[in-house]
Amino acid sequence: MANTEQSKKRARQSEARYAINKARRSRIRTFLRKVEEAIASGNGEAAQAALKAAQPELARGVTKGVLHKNTVARKMSRLASRVKAVATTKA
């Protein structure tokens, strides 16, 4: 349990940061889910648009410290290749 003023303040800051990071992770997951749904539907144009919208959100997650840069690079690469596959099969 926090006893000193400093430890109480750190506990408050930790709670606030947790809430902010939770919201950011949720927002990122929403964008990723939209890309996944577009890929599943087989709509290449929608998938490309969803990926284009998701990429800045993922990058923002890195700069804000929510996700590791290599994790985001891996996710973007895999999503891009899947979107490309969907776009070329329908074209």
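Figured I'd write up the structure that's included with this text. All chains use their own residue numbering, which begins from 1 and follows the written sequence. Per-residue local features of the predicted model are confined to residues with pLDDT of at least 70, and side-chain atom pairs are confined, for both listing and counting, to 80 or more; whole-chain, interface and lining totals are unaffected and use all residues. For the side-chain quantities, the full set of heavy atoms in the structure was used; hydrogens and water were omitted.

1. Details of the overall build of the chain
As a reminder, the rule being used: A run of H or I in DSSP becomes a helix once it reaches four residues, and a run of E becomes a strand once it reaches two; helices and strands are each numbered from the N terminus. Exposure is judged per residue with a 1.4 Å probe applied to protein chains only, and the accessible area is read against the type maximum: over 50% gives exposed, under 20% gives buried, and values in between give partly exposed. Contacts are residue-level and defined by heavy atoms, with any inter-residue pair within 4.5 Å sufficient. Working definition of accessibility: Shrake-Rupley area with a 1.4 Å probe, residue cover restricted to the visible protein chains. Working convention for charge: Lys and Arg count positive, Asp and Glu count negative, and His plus the chain ends are omitted. We put the charge of a Lys on NZ, of an Arg on CZ, of an Asp on CG and of a Glu on CD.
Counting its secondary structure elements, the chain contains three helices and zero strands. The N-to-C order of helical and strand elements in the chain reads α-α-α. By principal-axis analysis of the C-alpha atoms, the chain measures approximately 65 × 20 × 15 Å. The buried share of the chain, taken over its 91 residues, is 23%. In the chain, 60% of the contacts between residues at least 6 apart in sequence involve partners at least 24 apart. As displayed, the chain has an accessible area near 6,600 Å², and 52% of this comes from carbon and sulfur atoms. Charged side chains in the chain number 22 positive and 6 negative. The centres of these two groups are separated by 5 Å.

2. Here we look at the packing of helix α1 (residues 5-41) against helix α2 (residues 44-63)
Defined as follows: Axis definition: a line fitted to C-alpha atoms, limited for helices to the stretch in contact. Angles are taken between N-to-C directions and run from 0 to 180 degrees. Here the word oblique covers every angle except those under 35 degrees (roughly parallel), over 145 (roughly antiparallel) and from 65 to 115 (roughly perpendicular). What makes a crossing left-handed is the near helix being turned counterclockwise from the far one by less than a right angle; a clockwise turn instead makes it right-handed. Amino acids are sorted into nonpolar (Ala, Val, Leu, Ile, Met, Phe, Trp, Tyr, Cys and Pro), charged (Asp, Glu, Lys and Arg) and polar (every other residue, Gly among them).
For the pair α1 and α2, interaxial distance at closest approach is 9 Å and the crossing angle is 160 degrees. In terms of orientation, α1 and α2 fall into the roughly antiparallel class. The two elements α1 and α2 cross, and the hand of that crossing is left-handed. Note on element contacts: α2 touches α1 through Ala46, Ala47, Ala50, Leu51, Ala53, Ala54, Glu57, Leu58 and Gly61, opposite Arg27, Ile28, Phe31, Leu32, Lys34, Val35, Ala38 and Ile39. The residue makeup of the contact of α1 with α2, split by class, is 13 nonpolar, one polar and three charged.

3. Comments concerning the packing of aromatic side chains
Formally: Any two rings among Phe, Tyr and Trp, with Trp reduced to its six-membered ring, count as a pair given centres within 6.5 Å; such a pair is stacked if its planes are under 30 degrees apart, edge-to-face if over 60, and tilted if neither. Each ring is checked for a lysine NZ or an arginine CZ that lies within 6 Å of its centre and within 35 degrees of its normal; such an atom marks a charge sitting over the ring.
Using the criterion set out here, one finds zero aromatic pairs in the structure. Across the ring face of phenylalanine 31, the terminal group of lysine 34 is positioned such that the distance to the ring centre comes to 5.5 Å.

4. Points about the side chain of glutamate 57
As for its position among the elements, glutamate 57 is in helix α2. Residue classification places glutamate 57 among the buried residues on the basis of a relative accessible area of 8%. Not counting residues up to four positions away in its chain, the partners in contact with glutamate 57 are Arg27, Ile28 and Phe31.

5. Overview of the nonpolar core
So the rule is basically this: Throughout this description, the term nonpolar core refers to a set of buried Ala, Val, Leu, Ile, Met, Phe, Trp, Tyr and Cys residues connected via side-chain atoms within 4.5 Å.
In terms of nonpolar packing, the biggest core is built from 15 residues, with Leu32, Val35, Ile39, Ala47, Leu58, Leu79 and Val83 touching the most fellow members. For leucine 32, the residues in contact, after removing those within four places along its chain, are Leu58, Lys75 and Leu79.

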